[in-house]
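# Survey of secondary and tertiary structure
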Amino acid sequence: MVSFLLINMKDRFSFFILCMVTLSSFSSTTNASSPLYDVMNYGAVGDGKTDDSQAFLKAWNEACNVQQQRATLNVPARTFLLNPIEFSGPCVPTSIEFQVAGKIIASTNKSLFDNNHWILFSYVKGLTLTGSGTIDVAVSRKRFHYFSIAFARIKNVILKSKSYTWLNNGIDIASSNHVQVQNSKIGTGDDCIAISARCSFINITGVTCGPGHGISIGSLGDPGSGDLDMVSEVHVRSCNFTGNNTTGVRIKTWQGGEGEVKKITYEDIMFDNVRYPIVIDQFYCPNNVCKNNTGTSAVAISDVSYTGIIGTSSGDEVMSLNCGTDSSCNNIVLDDVHLKTSDPTKTAFVHCVNFNGRASNVEPSLDQCLHS
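Cut-offs applied
Residues numbered from 1 in each chain as written. Predicted model: local features only at pLDDT ≥ 70, side-chain atom pairs only at ≥ 80, totals over all residues. Heavy atoms only, no water. Helix = DSSP H or I, 4+ residues; strand = E, 2+ residues; numbered from the N terminus. Expected span 1.5 Å × (residues − 1). Buried < 20%, exposed > 50% of the residue type's maximum accessible area, 1.4 Å probe, protein only. Arc of directions from axis to C-beta. Core = buried A, V, L, I, M, F, W, Y, C linked by side-chain atoms within 4.5 Å. Contact = heavy atoms within 4.5 Å. Salt bridge = Lys/Arg side-chain N within 4 Å of Asp/Glu carboxyl O. Pairing = 2+ DSSP bridges. Disulfide = S-S within 2.5 Å.

In this model helix H1 (residues 53-65) runs 18 Å from its N-terminal to its C-terminal C-alpha over 13 residues, within 8% of the 18 Å that 1.5 Å per residue would give. Turning to H1, its buried residues are Ser53, Ala55, Phe56, Ala59, Trp60, Ala63 and Cys64. Taken end-on, H1 shows its buried residues confined to a sector of 160 degrees, consistent with a single buried face.

Our next topic: the nonpolar core. Ranked by size, the top nonpolar core spans 53 residues in total, and within it Tyr266, Tyr306 and Met319 carry the most contacts. With six residues, strand S26 (residues 259-274) is the single largest residue contributor to this core. Not counting residues up to four positions away in its chain, the partners in contact with Tyr266 are Ile217, Val236, Val249, Arg250, Ile251, Val304, Ser305, Tyr306, Thr307 and Ile309. Among the nonpolar cores identified, the runner-up in size contains 29 residues, and Trp60, Ile104, Val124 and Leu127 belong to it.

In this section: the pattern of salt bridges. Counting across every chain of the model gives three salt bridges. Lys346 serves as the salt-bridge partner of Asp343, at 3.9 Å between the closest nitrogen and oxygen.

Relative to strand S27 (residues 276-284), strand S25 (residues 247-254) runs parallel, the two being bridged by six bridges. Counterpart to Ile251 in the pairing with S27 is Ile280. Sheet topology note: the S27/strand S29 (residues 317-322) ladder contains four bridges and is parallel. In the sheet register, Ile278 faces S29, and the bridge partner there is Met319.

Attention shifts here to the state of the cysteines. Within this structure, the stated rule accounts for four disulfides. One disulfide in the model links Cys192 with Cys209; its S-S distance is 2.1 Å. Disulfide Cys192 to Cys209: torsion about the S-S bond roughly 85 degrees, handedness right-handed. A residue pair is termed long-range when its members are at least 10 positions apart, and Cys192 in the loop between strand S19 (185-187) and strand S20 (193-195) and Cys209 in strand S22 (residues 208-209) qualify at 17 residues. Residue classification places Cys209 among the buried positions, given a relative accessible area of 1%. Cys239 takes part in no disulfide bond, and the closest cysteine sulfur, belonging to Cys209, lies 8.4 Å away. Looking at Cys239, the relative accessible area reads 0%, which means it is buried.

Interpretation in functional terms is not warranted from these geometric data alone.
Shown next, in the form of C-alpha cells:
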C-alpha cells in the first residue's frame, strides 16, 4: 500500500490526485512490454539527505518517451529527498506505472517552495501510482498537484492528518475527466475530496470521510477569475461521513459568479453527527467582501439528486439549500432522505433560499422550500 502522511499544515496545500492510483503489493518485476526505469540507475542516492530530484526526472523522461505502450518507473525501498519537481507529459506510453516501495520526503528548504506545489504531474494520461511505500508531505506543506489528466483511478487510499486542521484538503480534482475514487478513507481536516472547475464524469464510491469538510464541488465562479466554471456528471455513492465533519456533501459557488453545475447525484449516503449534512451554498465569499444579497448573478445549478440518504447532524440545520436567484437552482430532487439532529434539545429543520425542485419521503419536510 502507498500511504500518504499529511501533518503540520499551517500554510495551504492540497493533495491533488488526477492520476490513476491503484494501491497493491509492490513487485520489482515487470513484463517485456513494460520496461522498468529504476531511479537508482539514474543517479539517485536514497539516503534521505541528498537531493534526488534530477535522478527522478531522468528516469521519468526515459519512461515518458519510450516507444512502448507501457512503462514503469521504480522507486525502491530507500528514502528519497525531492525538491519541487514536475513530471510532465504528454507521454508516448498510454500507461505509466509509478511504483513506490520506499519513502519520498520533501526538502526542508522553505525558500524552494515558491510555486505552490511540491510534486506536480501534468498532462499525463493513464498514470498509476502503486506500491508499499510512503509519500510524506509533512515538511513541504505544499501541493501534490495533478493537472489535466484523464481516465484516472484512485483506489484504497488512506489520507490522514495528525493535526486535523483546515486548509488541508485530502484529494483535489481539477480540469480532469473520467476520474474514479474508490474504497478510500480520508480525514485531513478540510475537504476530503474537492472537485474544481472543468471536471466531468467523476465517480466517488465507498469513501469514508472525516474529520473534515466533506465532499465538495467548488468553490466555483470566482468573479475575479474571469472564467466560466463548469462541472458535470459527478456521482457520489455509498459513502459514510463520520468523525466531526463540518459539512457532508456540498456544492459551493461564489456570489455573483458565472458557470454551470449539472447532472450531480448523491446516493446511499450515511452521516454520523455531521454539522451540515447537505449544503448548496451560492453565497460563498471567503474574504467576507460580498454583500450576500439574493438576486445577484449565480452559477447555474441543475439536475441534482439526493437519494437514499440517512443520518444525524450535530446541530439542528440538517440541510442548507441557499440559491443566489430564483432561477439559479433547478430540478433539485430529494427522495428517501431522512436526517435528524443528534441533540435531543433541538428540532431538525431545513434552511432554504430560492430553492426549486421536488421532494418525496423526506424528513424534515421541505414543503416550505420547494418551488416546482
